Amino acid sequence: MDIINIQYAFKLDDQRLEIIDLQLDPQTLDLLNSPGENLPFWTQLDFHQCPHCPLDPLKNPVCPVAVFCLVDIVARFENVMSYDELDLEVTTTARHVFQHTTAQRGISSLLGILFPSSGCPHTVFFKPMVRFHLPLANEEETIFRASGMFLLAQYYLREKKTAGDLNFDGLKQIYENMNLVNMNVAERLRNASCTESSVNAIVLLDVFAHTMPLLIEEQLD
């Protein structure tokens, strides 16, 4: 299978163009892009480590989300405000998407790929959504895709003679864990005095994670 390529191109008002090319392993959906060298101090795992993080700082000295998701984003958008408008182009093998949007919404959509493919144990559940990435998905689209993905997983679990979960309890737990991840990652950036647009992009992601357990039942009804 070929490497999965996804490109995000941000055209800012000052005519600056930030192009981010992502390569994903077609089998594992892990990010193949190499992290940079001389990583900043705030990438250390024990710097505002998530309270439910299962990783051991002795074996995993750096936070995978910080290294693979945030270092490059923070550097690129250091002088960009979250409400700054820009033109975003997203190119995948399946489609080409163009939208005039805000920096925080565009970055949030990009982080929707980076978080699951980073290696963080609490984000790995979203890898199927990365494989069929829908740029700039709204709340309704996200609920449909997440609940459909979860139910498909239950089908495969039943095929393996494992009891399935048709009440979405597992999906709610996944989003509750993501809420903690997003909160602590945002806190990591705030304490590192990082760019406001990056923090707000994570906060926007967390809106989904925080409200999803309640919205699942409400929207499905």
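Please refer to the structure placed before this passage.
Quantities reported herein were computed from a predicted structural model and do not represent experimental measurements.

Procedures and definitions
Residues numbered from 1 in each chain as written. Predicted model: local features only at pLDDT ≥ 70, side-chain atom pairs only at ≥ 80, totals over all residues. Heavy atoms only, no water. Buried < 20%, exposed > 50% of the residue type's maximum accessible area, 1.4 Å probe, protein only. Helix = DSSP H or I, 4+ residues; strand = E, 2+ residues; numbered from the N terminus. Pairing = 2+ DSSP bridges. Axes fitted to C-alpha atoms, helices over the stretch in contact; angles between N-to-C directions. Parallel < 35°, antiparallel > 145°, perpendicular 65-115°, else oblique. Left-handed = near helix turned anticlockwise from the far one by under 90°. Contact = heavy atoms within 4.5 Å. Nonpolar A, V, L, I, M, F, W, Y, C, P; charged D, E, K, R; others polar. Patch = residues over 30% accessible without salt bridge, like charges linked within 9 Å, V, L, I, M, F, W, Y side chains within 5 Å. Areas by Shrake-Rupley, 256 points an atom, 1.4 Å probe, with all protein chains shown as cover. Salt bridge = Lys/Arg side-chain N within 4 Å of Asp/Glu carboxyl O. Core = buried A, V, L, I, M, F, W, Y, C linked by side-chain atoms within 4.5 Å. 1 Å grid on protein atoms, 1.4 Å probe; cavity = no way out; pocket = protein on both sides within 12 Å on 5 of 7 lines; lining within 4 Å. Points joined across faces, edges and corners; volume = space filled by probe spheres on them.

*Asks:* Looking at this model, I keep getting lost on the pairing of strand 3 (residues 85-91). Mind explaining?
*Replies:* Burial along strand 3 is one-sided: the face carrying Leu86, Leu88 and Val90 is buried and the face carrying Glu85, Asp87, Glu89 and Thr91 is not. Sheet analysis places strand 1 (residues 4-12) next to strand 3, joined by six bridges and oriented antiparallel. Residue pairing in the sheet places phenylalanine 10 in a bridge with leucine 88 of strand 3. Bridging between strand 3 and strand 4 (residues 96-102) involves seven bridges; their strand directions are antiparallel. Considered in strand 4, the bridge of leucine 86 is made with threonine 101. The turn joining strand 3 and strand 4, which pair antiparallel and follow one another in sequence, is formed by four residues.

*Asks:* What is the right way to read the packing of helix 1 (residues 64-76) against helix 2 (residues 103-117) from this model?
*Replies:* Each packed pair of helices is defined by two parameters, the angle between the axes and the distance between the axes. Here helix 1 crosses helix 2 at 155°, and the two axes come no closer than 10 Å. Taken together, the axis directions place helix 1 and helix 2 in an arrangement best described as roughly antiparallel. Here the hand of the crossing between helix 1 and helix 2 comes out right-handed. Contact with helix 1, carried on its side by Val65, Phe68, Cys69, Leu70 and Ile73, involves Ile107, Leu110, Leu111, Leu114 and Phe115 of helix 2 and no other residues of that element. Of the residues in the contact of helix 1 with helix 2, the class split is ten nonpolar, no polar and no charged.

*Asks:* When you look at a nonpolar patch on the surface in this model, what are you seeing that I'm missing?
*Replies:* The grouping of Leu152, Tyr155 and Tyr156 at the surface amounts to a nonpolar patch, some 330 Å² of accessible area in total. Within the secondary structure, tyrosine 156 is located in helix 4 (residues 139-159).

*Asks:* What's the story with the nonpolar core in this structure? I'm lost.
*Replies:* Looking at soluble globular proteins, one finds that nonpolar side chains tend to be buried together. Core analysis: the largest hydrophobic core is formed by 55 residues, its most contacted members being Tyr8, Phe10 and Leu70. Residue contacts for phenylalanine 10: discarding those within four places in its chain leaves Arg16, Leu17, Glu18, Ile20, Phe77, Leu86, Asp87, Leu88, Gly106, Ile107 and Leu110.

*Asks:* Is there a simple way to think about unusual backbone geometry in this case?
*Replies:* Both trends apply: most residues other than glycine have a negative phi, and most peptide bonds are in trans. The backbone phi angle of histidine 48 is positive, close to 55°, even though this residue is not glycine. With respect to the helices and strands, the residue histidine 48 is situated in the loop between strand 2 (17-24) and helix 1.

*Asks:* I keep staring at the side chain of asparagine 177 and nothing clicks. Help me out?
*Replies:* In this structure, asparagine 177 sits in helix 5 (residues 169-191). Taking relative accessible area as the criterion, asparagine 177 reaches 17% and is therefore assigned buried. Once residues lying within four places of it in the same chain are set aside, the contact partners of asparagine 177 are His52 and His122.

*Asks:* In this structure, what is going on with empty space enclosed by the protein? I would like to understand it.
*Replies:* In this approach the atoms are scanned with a rolling probe the size of a water molecule, which exposes any empty space left behind. Counted by the stated rule, this structure contains one cavity of 30 Å³ or more. Roughly 130 Å³ of internal volume is contained in the largest cavity. Lining the largest cavity we find 17 residues, and of these Leu45, Cys50, Cys53, Cys63 and Cys120 sit closest to its centre. Broken down by secondary-structure element, the contributors of at least two residues to the lining of the largest cavity are helix 1 and helix 5. Looking at the lining of the largest cavity, the element that brings in the most residues is helix 5, giving four residues. When its residues are assigned to classes, the lining of the largest cavity shows twelve nonpolar, four polar and one charged.

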